[in-house]
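Letter by letter, the chains look like this.
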Amino acid sequence: MTDHPVDLDKHRGMAAQKATDLRRALAEVETNVRELRERESDLQNRMMTVPAASWPEAAVKARYLLNLYAATLPTEDTRHRALVAALFDDFARLNGEG
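Residues numbered from 1 in each chain as written. Predicted model: local features only at pLDDT ≥ 70, side-chain atom pairs only at ≥ 80, totals over all residues. Heavy atoms only, no water.

1. Some words on the overall build of the protein chain
Along the backbone of the protein chain there are three helices and zero strands. A globule of 98 residues ought to have a C-alpha radius of gyration of about 13 Å, yet the protein chain, at 23 Å, is considerably larger. The dimensions of the protein chain, computed from C-alpha atoms along their principal axes, are 70 × 35 × 25 Å. The buried share among the 98 residues of the protein chain stands at 12%. (Helix = DSSP H or I, 4+ residues; strand = E, 2+ residues; numbered from the N terminus. Rg over C-alpha atoms; globule rule 2.2 N^0.38 Å. Buried < 20%, exposed > 50% of the residue type's maximum accessible area, 1.4 Å probe, protein only.)

2. Quick notes on helix H2 (residues 55–72)
The end-to-end C-alpha distance of H2 is 26 Å, a good match for the 26 Å that 18 residues give at a rise of 1.5 Å each. The inward-facing, buried residues of H2 contact helix H1 (14–49) and helix H3 (78–94). (Expected span 1.5 Å × (residues − 1). Contact = heavy atoms within 4.5 Å.)

3. As for the side chain of Thr-20
Tracing the chain through its elements places Thr-20 in helix H1. Here Thr-20 falls in the buried class, since its relative accessible area comes to 7%. A distance of 3.1 Å separates the side chain of Thr-20 from the side chain of Arg-23, its partner in a polar contact. (Polar contact = N/O pair within 3.5 Å; in protein donor to acceptor, adjacent residues only side chain to side chain.)

Shown next, in the form of structure tokens:
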């Protein structure tokens with residue numbers, strides 16, 4: 001009997017090790033996606049319930065919403081993508097960021 005744990009992965013074949021690694025990676029990704037969705041939901045709830053106290057705070061909310069919108073645009077919709085980019089430039093300019 002030893003006090004050291006046995007690494008069972010060393011006793012498996014290469015295919016079994018790869019399958020185990022893949023299952024572990026997939027479980028980690030699924031956990032990260034679930035946590036991200038929960039954080040996004042919390043953020044959206046705060047954005048809906050806490051009114052902006054200034055124009056820059058309202059612009060932060062608008063940026064978030066525009067990013068959601070832009071993510072749904074087809075790649076070939078360059079006109080709307082350009083409009084969103086121009087608005088982001090306006091936000092930065094008016095906020096003194098550049």
